[in-house]
Amino acid sequence: MESSIDRIGDPWGSRVPHGRHKSWAARVDTFLSEGVEPAMVQEWVQAASILHSDGDAMDIAVMDGRMVGVRGRATDRVNRGRLGPKDLFGWQANNSPDRLTRPLVRENGRLVESDWDTAMGRVVTRSHDLLDAHGPGALGFYTSGQLFLEEYYTLAILARAGIGTNHLDGNTRLCTSTAAEALKESFGCDGQPGSYDDVDHADVIALFGHNMAETQPVQWMRILDRLEGSEPPRLLCVDPRPTRVARRAAVHLAPRIGTNVALLNALLHEIIRTDRVDHGYIEKNTVGYEKLAADVKDCTPGWAADICDVPAARICEAAELLGTADALLSTVLQGFYQSHQATAAAVQVNNLHLIRGMLGRPGAGVLQMNGQPTAQNTRECGANGDLPGFRNWQNDAHVAELAQVWNVEPSTIPHFAPPTHAMQMFRYAEQGSIRMMWISGTNPAVSLPDLARVRSILAKEGLFVVTQDLFLTETAQFADVVLPAATWGEKTGTFTNADRTVHLTDKAVDPPGEARPDLDIFLDYAARMDFRDKDGGPLVSWQDPESAFEAWKRCSEGRPCDYSGLTYTKLREVGGIQWPVNQQAPGGTERLYTEGISWARPDLCESYSKDLVTGAADDASAYRSRNPDGKAMIKAVGYVPAHEQPNAQSPFQLTTGRTLYHFHTRTKTGRAPQLNKAAPEVWVEISAVDAIAQGLTEGDLVEVRSPRGALRGRLRVTDIRPGLLFVPFHYGYWDTPAGSGPNATTGGRAANETTITDWDPASKQPLFKTAAAAITLVERSDGRQAPAPTTTASAPAGPARLQPTVGGLDAHASQARDTTWNLSGGNR
Ligand SMILES: Nc1nc2c(c(=O)[nH]1)N[C@H]1C(S)=C(S)[C@@H](COP(=O)(O)OP(=O)(O)OC[C@H]3O[C@@H](n4cnc5c(=O)[nH]c(N)nc54)[C@H](O)[C@@H]3O)O[C@H]1N2
Ligand SMILES: Nc1nc2c(c(=O)[nH]1)N[C@H]1C(S)=C(S)[C@@H](COP(=O)(O)OP(=O)(O)OC[C@H]3O[C@@H](n4cnc5c(=O)[nH]c(N)nc54)[C@H](O)[C@@H]3O)O[C@H]1N2
Ligand SMILES: [Mo]
């Protein structure tokens, strides 16, 4: 048991050395509220973590009807008992005194407490009025990656077949739409090829734009344990910041942001040039190799070195690592996905695996990662711009099949165009065609790019905003109706992590006041709207989580995300199980594509694929002629520079992201005292070289300004690549003093005051990682430090970074890291 250690100061805990091909030993992490001893806990209720995509299995400790702690589940395949800092402390937000306990409605411009009948009555009346006057296209639904599968499935049927609108998307658009798109582009269908168990078997692990140490700390513990065991893996890290991953990497490439495609093309070039290519695998399983080989012929390491500002020799070392691996595991996340060539870059990682034959066997896998805990379900259930069950909106047979499952006419389900993506929904709201927006489980007034614009849309006269949340968030403050939701621990449901592991999470305690599970809210709406199927029966025929799950099983049957072999009982007994689970695979499926590519056939595939430069969708016949046998598609793409480049007004590149201790807009982690204290305020990271050149020092209050807006924060000088600024995006305005919100002259503190309205052409994922900005001094530090953690990528530059924290974590770091920067490369 690890309960006595300070898991804020020592976030990854102690090591359990883990040899190659061995199974990962358990270590059970526990945290109980002060004064609570294990013997006092009355009940342990099965759950899984809701604060990242890892799916860490845990039990919730209950005493006198209240949550009093959590404990990792030693038997679960995902985490073997381990929990990260957010898992350990984040649940405390459930008990927060400022939870919403009653519905709110807007009266004379102010939100006032109300009751469910009044609040739902307003939503229903507005829905009918808009349907009558303008049709289904006037209603939009913007949901989450944090609800449960049963909730998304219910939302999908009521939006697509009940209302009949095409405007349903998730905040997963900001998060994993590129993961989904990259899988569709390469394999014809969404569905994670790899498994977390690949960490146990890989000899090389490559992390592309993924700060796993902070964003999936438990899988990072697994890697750390392997680094201490026999036959440790060698790591490749591609990240411009000195993350913990970078410090443990055999090769760290810190490219100029927005140049991932150039880098990957050079890596592919080297691998092909040195013929470290599995020709048999390519021949049998893929199409498109010849074009890739021709397209990357001139993408030499020297060529990429200039673009990426990474030494050519280092690129060669990385190619050597990738080319000589016998079991390569790659992970890809936001450093790739939130960029202008997001899908193009993520697909090149798939290509790397395809040409090396690194798929479908232990240790050889790709994890096109998810970020949010339940993002996989948003996608599967069709609440993320896809049709349920990974069905293809362009394939009439798929639409007909879905219509049959729902017992509606195929024409009821909009499929005249691709489902509307979130950025487009906000555009429609801005232009006035969307007149009601129902926002559940997401906080766009902090998380969408270009916040001044987002606020002006949400405040628009004529847009009826419904929010469904735990708290009166920055977004809820714009709402016409606020619905108080129950959350994790207060409701039952299932969700699926990034490696297809499904967990059941049970209700442990009652929600506060009149707060209701999201499922109940959606079911209530469907009943009040009286949605019917084609025979006049109720369209939504389920009443609770388990019956919703049973309905979903029928919808998923025969599709890649097949849940038909799962039951609540089985999930309670076994813990996490990886889909597909069906008659052929009753115990679940560890890896996809063990025997060739299975879901890319023209009649099965989820997408006929897109042009990765323009985003234009192909049709069935184009797809069929390119890929008649349903093989994996190797798609070559040339590098295109980021749209916004530094210039005289905005001389720095600007990127944004996360810290270990906070989750997103901090609605939960900001209310957990240990986490909040670990990272209480926004900060701005800059390199030592730039700090000196600008006459700035640690702790100075600075303003970061882009063409969209500005923010202020204290400066942290780190080993980030020169020319680049980093700002964590967690900090909004709900806990700033009244009246100190965003301001036209001084800006605010949210990173998204500065980010741009722009997205990847194929996945439509917004660009949070590639902007340009200026930095200016507001106030001298007077010896103050930035409020940034020192245990993470935001650790101070220089010798301080080499100080081991606990257990000599950084022992190898100074040798592994290359700190020579090519400053003449014009990195601005
Ligand atoms: N602690 C914590 N964990 C989380 C979350 C959280 O909020 N907090 N959120 C969860 C969610 S929803 C998500 S999506 C994931 C995200 O998990 P990650 O993707 O790991 O997190 P980010 O910090 O957004 O970005 C990762 C890295 O991308 C790098 N990067 C920026 N620009 C570029 C570039 O152009 N090229 C390359 N190669 N790298 C670049 C940044 O330096 C950063 O270290 O985390 C999940 N886990
Ligand atoms: N600049 C910048 N911006 C980014 C990113 C970045 O890296 N940089 N990352 C993007 C990514 S990857 C993501 S995933 C998004 C995240 O952005 P958001 O989804 O907006 O962030 P959260 O704070 O997680 O918002 C979730 C909301 O749901 C509420 N909630 C939690 N549980 C429940 C529940 O059970 N039911 C209901 N109804 N509500 C619940 C929470 O209180 C919170 O208000 O941000 C994106 N924005
Ligand atoms: Mo995300």
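Keep in mind the model is a prediction, meaning the values are calculated, not measured.

1. Quick notes on the site of ligand 2
Taken together, 34 residues sit near ligand 2, with Gln146, Asn171, Ser447, Asp469 and Thr665 positioned nearest. In this structure, threonine 442 approaches ligand 2 through a side-chain N or O atom, which is 3.0 Å from an oxygen atom. Within the contact set of ligand 2, an oxygen atom lies 3.2 Å away from a side-chain nitrogen or oxygen of arginine 658. The fraction of the free accessible surface of ligand 2 (920 Å²) that becomes covered by protein chains is 99%. For the shell around ligand 2, the elements supplying multiple residues, two or more each, are β16 (464-469) and β22 (652-657). Classifying every residue of the shell around ligand 2 by side-chain character gives 10 nonpolar, 18 polar and 6 charged. Counting the residues that make up the shell around ligand 2, at least three belong to each of domain 2 (104-175 + 374-520 + 536-578) and domain 4 (652-818).

2. A few points about the domain arrangement of the protein chain
According to the domain assignment, the protein chain contains domain 1 (2-95), domain 2 (104-175 + 374-520 + 536-578), domain 3 (182-369) and domain 4 (652-818). Tallying the contact residues gives 13 residues for domain 2 and 16 residues for domain 3. Across the domain 2/domain 3 interface, buried area totals approximately 1000 Å², and carbon plus sulfur atoms make up 40% of it. Considering only the surface of domain 2 that becomes buried against domain 3, Ala498, Asp499 and Arg500 emerge as the three largest contributors, covering 43% of it. Two residues, lysine 184 and aspartate 386, come together in a salt bridge whose shortest N-O distance is 2.7 Å. In this assembly, domain 2 and domain 3 are joined by 9 residue pairs in polar contact (both at pLDDT 80 or more).

3. A look at the pattern of salt bridges
If you walk through the whole model with that rule in mind, you get 58 salt bridges. The salt bridge partner of arginine 15 is aspartate 225, with a shortest N-O separation of 2.5 Å. One end of the pair, arginine 15, is in the segment before β1 (30-32); the other, aspartate 225, is in helix α7 (residues 217-228), and 210 residues separate them in sequence. Residue classification places aspartate 225 among the buried positions, given a relative accessible area of 0%. The closest approach of N and O atoms between arginine 102 and glutamate 113, which form a salt bridge, is 3.2 Å.

4. Re the nonpolar core
Of all hydrophobic cores here, the largest spans 187 residues; its most connected members are Phe141, Phe208, Leu236, Ile355, Trp438 and Tyr525. Tallying contributions element by element places helix α3 (residues 149-163) first for this core, with 10 residues. If you look at the next biggest cluster of nonpolar residues, it comprises 27 residues, including Leu104, Ala422, Val482 and Ala750.

5. Quick look at the site of ligand 1
The environment of ligand 1 is formed by 32 residues, the closest being Thr215, Asp239, Gln334, Arg658 and His662. Between asparagine 211 and ligand 1, the recorded distance is 2.8 Å, taken from a backbone N or O atom to an oxygen atom. Contact between ligand 1 and glycine 335: a nitrogen atom at 3.3 Å from a main-chain N or O atom of the residue. Taken by itself ligand 1 offers 910 Å² of open surface, and the protein chains cover 100% of this. Elements that contribute at least two residues to the shell around ligand 1 include exactly α6 (212-215), α14 (334-337) and β22. Ranked by residues supplied to the shell around ligand 1, first place goes to α14 with 3 residues. Residues that form the shell around ligand 1 fall into these classes: 8 nonpolar, 18 polar and 6 charged.

6. Quick word on unusual backbone geometry
Across the junction of tryptophan 579 and proline 580, the peptide omega takes the value -5°, indicating a cis bond. Positionally, proline 580 belongs in the loop between β20 (577-578) and α24 (620-626). Backbone geometry places glutamate 231, a non-glycine residue, at a positive phi of 45°. Within the secondary structure, glutamate 231 sits in the loop between α7 and β10 (234-238).

7. Some words on the environment of arginine 716
Tracing the backbone shows arginine 716 in strand β25 (residues 710-718). The buried category is assigned to arginine 716, whose relative accessible area is 1%. When the C-alpha atoms of arginine 716 and glutamate 698 are compared, they prove to be 5.2 Å apart, with 18 residues separating the residues in sequence. A distance of 3.3 Å separates a polar atom in the side chain of arginine 716 from the backbone oxygen of alanine 786. Among the polar contacts listed, one links the side chain of arginine 716 to the backbone oxygen of alanine 788, at a separation of 3.3 Å.

8. Observations concerning the environment of glutamate 290
Structurally, glutamate 290 can be placed in helix α11 (residues 289-295). On the basis of relative accessible area, glutamate 290 is assigned to the exposed category, the value being 59%.

9. Thoughts on the state of the cysteines
Under the definition given, this model contains 0 disulfides. Cysteine 189 takes part in no disulfide bond, and the closest cysteine sulfur to it belongs to cysteine 561, at a distance of 7.3 Å. Residue class for cysteine 189 comes out buried when judged on its relative accessible area of 0%. Among the cysteines around cysteine 299, which has no disulfide bond, cysteine 308 carries the closest sulfur, lying 10 Å off.

10. Some thoughts on the side chain of aspartate 760
Turning to its location among the elements, aspartate 760 is positioned in the loop between β26 (724-728) and β27 (771-779). One buried charge, aspartate 760, has no salt-bridge partner; the nearest side chain with opposite charge is lysine 764, at 7.5 Å. Within polar-contact distance, the side chain of aspartate 760 engages the side chain of threonine 343 at 2.6 Å. Beyond its immediate chain neighbours, meaning those up to four positions away, aspartate 760 contacts Ser339, His340, Gln341, Ala342, Thr343, Gln765 and Leu767.

Rules and cut-offs
- For every chain, the first residue of the written sequence is number 1, and numbering continues from 1 along that sequence.
- As they are written, the chains are lettered A onward and the ligands numbered 1 onward, keeping that order.
- With the structure being a predicted model, the display of local features is reserved for residues of pLDDT at least 70 and the display and counting of side-chain atom pairs for 80 or more, all residues being used for whole-chain, interface and lining totals.
- Values reported for side chains reflect all heavy atoms of the structure, with hydrogen atoms and water molecules removed beforehand.
- We call a residue near a molecule or strand as soon as one heavy atom of that residue lies within 4 Å of the molecule or strand.
- Definition of a polar contact: a pair of N or O atoms within 3.5 Å, with one able to donate and the other able to accept a hydrogen when the atoms are protein atoms, and with sequence-neighbouring residues admitted only if both atoms are side-chain atoms.
- In these tables, accessible area is a Shrake-Rupley quantity obtained with a 1.4 Å probe, and a residue counts as shielded only by the protein chains included in the view.
- Strands are runs of DSSP state E lasting at least two residues, helices are runs of H or I lasting at least four, and both sets are numbered from the N terminus onward.
- Under this grouping Gly is polar, as are all residues other than the nonpolar Ala, Val, Leu, Ile, Met, Phe, Trp, Tyr, Cys and Pro and the charged Asp, Glu, Lys and Arg.
- Domain delimitation in this document rests on an assignment produced automatically or drawn from a domain database.
- Contacts: residue pairs with any heavy atoms within 4.5 Å of one another.
- Two parts placed together each lose some accessible area under a 1.4 Å probe, and the buried area is that loss summed for both.
- Put simply, a salt bridge is a Lys or Arg side-chain nitrogen that is within 4 Å of an Asp or Glu carboxyl oxygen.
- Working definition: with a 1.4 Å probe on protein chains only, accessible area under 20% of the residue-type maximum means buried, over 50% means exposed, and in between means partly exposed.
- As used in this record, nonpolar core signifies buried Ala, Val, Leu, Ile, Met, Phe, Trp, Tyr and Cys residues forming a set joined through side-chain atoms within 4.5 Å.
- The definition used for a disulfide is geometric: two cysteine sulfur atoms within 2.5 Å.
- Lys and Arg are tallied as positive, Asp and Glu as negative. Neither His nor the chain termini are counted.

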